[in-house]
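What the coordinates show
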Amino acid sequence: MQGRFGTRFSFTRAIAQIGGRFSVIGAGRFAVLVDGNAAVSNLFSRYSEVLLAEAQQIAACNAVHNGVSRLARCLLQSADRIGSDELRMTQETLAEMLGVRRTTVTLLAQALKEKGLIRYSRGHLVITNRKSLESTACECYHAVHHDRLPVTLGIKL
Amino acid sequence: MPMYYFHLYDDAPLRDDDGTELINLAAAHDHAAGVARELTFKSADFMQEKWSKWTMRVHDHEGTELFSLAMSDFEPGNHNP
């Protein structure tokens, strides 16, 4: 995102939360690519709009929704992104994502486990009842669902 | 630094088995209150049970209970202790 304008100061530090395969391109080269290609430039603008809407929804979510709903939302979003209901995420990572203490994540996760929605051991979490987890999640999960948000905004990615 | 374990009880506990390293008992009290506020934030109940049914019990590494908190004290709208 921030390489769009070439090499300059990055506002954020991105941390990969779950391992996988990544592509890398230098910021300068990326800027040239985007500037020189209308289709890429267009896609980039549309993607930026989706990302902004998602960030706004999550900011609102953190302010008004309770811990269990937010944890459910966070787990579902992560699972959707990696295309698997098995997540290699620590409770520390989830605590950072939700802006709560690690103890709080432990207790919330125990609650989800008691309800049969997830099971987990050290750093390895599995969604066992997706349907129920989706109804436990706050409305934000459905609002920012990656299949639906672009459509909701009237954008084709 | 000592380890403290923050379990949440109604009839049976939701257990904090990993615990948190904290400098002393006062820090454990602060941590417990912080967790209680995070759990009750925008939350009228927990696992379909009123907060009045829940108690946080804080244990040391030997499993001895050090103190407890009534979760209803942290309910939205109540004055936090």
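I will try to describe carefully the structure that is included in this document. (Residues numbered from 1 in each chain as written. Chains lettered and ligands numbered in written order. Predicted model: local features only at pLDDT ≥ 70, side-chain atom pairs only at ≥ 80, totals over all residues.)

Looking at the overall build of chain B
- Across its full length, chain B carries one helix and seven strands.
- Helices and strands appear in chain B in the N-to-C order β-β-β-α-β-β-β-β.
- A compact globule built from 81 residues should have a C-alpha radius of gyration of about 12 Å, and chain B, at 12 Å, falls within 12% of that.
- Along the first, second and third principal axes, the C-alpha set of chain B runs to 35 × 25 × 15 Å.
- For chain B, buried positions account for 30% of its 81 residues.
- Restricting to contacts in chain B with at least 6 residues of sequence separation, those with at least 24 account for 47%. (Helix = DSSP H or I, 4+ residues; strand = E, 2+ residues; numbered from the N terminus. Rg over C-alpha atoms; globule rule 2.2 N^0.38 Å. Buried ≥ 20, exposed ≤ 12 C-beta atoms within 10 Å, placed from the backbone. Contact = placed C-beta atoms within 7 Å.)

Structural notes on unusual backbone geometry
Residue and element names in this part refer to chain B.
- If you check the backbone angles, Met 47 has positive phi at about 50° while not being a glycine.
- With respect to the element layout, Met 47 can be found in the loop between strand 4 (45-46) and strand 5 (49-50).
- On the basis of neighbour count, Met 47 is assigned to the partly exposed category, with 15 C-beta atoms found within 10 Å.
- Of note, Gln 48 is a non-glycine position whose phi angle comes to about 60°, a positive value.
- For Gln 48, a count of 6 C-beta atoms within 10 Å corresponds to the exposed category.

Quick look at the interface of chain A and chain B
- Between chain A and chain B, the contact holds 15 residues from the first and 17 residues from the second.
- If one sorts the elements of the side of chain A that touches chain B by residue count, helix 5 (residues 102-114) of chain A sits on top with eight residues.

Quick word on the pairing of strand 1 (residues 3-9) of chain B
Residue and element names in this part refer to chain B.
- Counted residue by residue, strand 1 has five buried out of seven residues, so it is predominantly covered.
- Bridge analysis of strand 1 against strand 3 (residues 20-21) gives two bridges, and the strand direction is antiparallel. Residue pairing in the sheet places Tyr 4 in a bridge with Thr 20 of strand 3.
- Sheet topology places strand 1 next to strand 6 (residues 55-59); five bridges connect them, and they run antiparallel. Across the sheet, residue His 7 finds its bridge partner in strand 6, namely Arg 57.
- As judged from the two bridges shared by strand 1 and strand 2 (residues 13-14), these two strands associate in the antiparallel manner. Looking at strand 2, one finds that Tyr 9 is bridged to Pro 13.
- Joining the antiparallel neighbours strand 1 and strand 2 is a turn of three residues. (Pairing = 2+ DSSP bridges.)

A short note on helix 3 (residues 67-82) of chain A
Residue and element names in this part refer to chain A.
- Taking 1.5 Å as the rise per residue, helix 3 with 16 residues should run 22 Å; its terminal C-alpha atoms sit 23 Å apart, in good agreement.
- Counting buried positions along helix 3 yields 12 of 16 residues, so the element is predominantly enclosed.
- Residues Gly 67, Val 68, Ser 69, Arg 70, Leu 71, Ala 72, Arg 73, Cys 74, Leu 75, Leu 76, Ser 78 and Ala 79 constitute the buried set of helix 3. (Expected span 1.5 Å × (residues − 1).)

Things to note about the nonpolar core
- Ranked by size, the top nonpolar core spans 45 residues in total, and within it Leu 71 and Leu 75 of chain A carry the most contacts.
- Put simply, the parts of the chain that give this core at least two residues each are helix 3, helix 5, strand 3 (124-127) and helix 7 (139-143) of chain A together with strand 1, helix 1 (25-40) and strand 6 of chain B.
- Take this core: its biggest share by element is seven residues, from helix 3 of chain A.
- Filtering out sequence-adjacent residues up to four positions away, Leu 71 of chain A remains in contact with Leu 94, Leu 98, Val 105, Leu 108, Ala 109 and Leu 112 of chain A. (Core = buried A, V, L, I, M, F, W, Y, C linked by C-beta atoms within 7 Å.)

Focus on the pairing of strand 6 of chain B
Residues and elements named next belong to chain B.
- Of the strand pairs in this sheet, strand 6 and strand 7 (residues 65-70) are connected by five bridges, and their pairing is antiparallel. Of the residues in strand 7, the one forming a bridge with Thr 55 is Ala 70.
- Linking strand 6 to strand 7, which pair antiparallel, is a turn of five residues; within it Gly 63 sits at a positive phi near 85°.

Notes on the packing of helix 5 of chain A against helix 1 of chain B
- With their axes 9 Å apart at the nearest point, helix 5 of chain A and helix 1 of chain B run at an angle of 50° to one another. Taken together, the axes of helix 5 of chain A and helix 1 of chain B are oblique relative to one another. In terms of crossing hand, the pair formed by helix 5 of chain A and helix 1 of chain B is right-handed. Along the contact surface, helix 5 of chain A presents Thr 103, Thr 104 and Leu 107 of chain A, while helix 1 of chain B presents His 31, Val 35, Glu 38 and Leu 39 of chain B.
- For the contact of helix 5 of chain A with helix 1 of chain B, the class distribution of residues is three nonpolar, three polar and one charged. (Axes fitted to C-alpha atoms, helices over the stretch in contact; angles between N-to-C directions. Parallel < 35°, antiparallel > 145°, perpendicular 65-115°, else oblique. Left-handed = near helix turned anticlockwise from the far one by under 90°. Nonpolar A, V, L, I, M, F, W, Y, C, P; charged D, E, K, R; others polar.)

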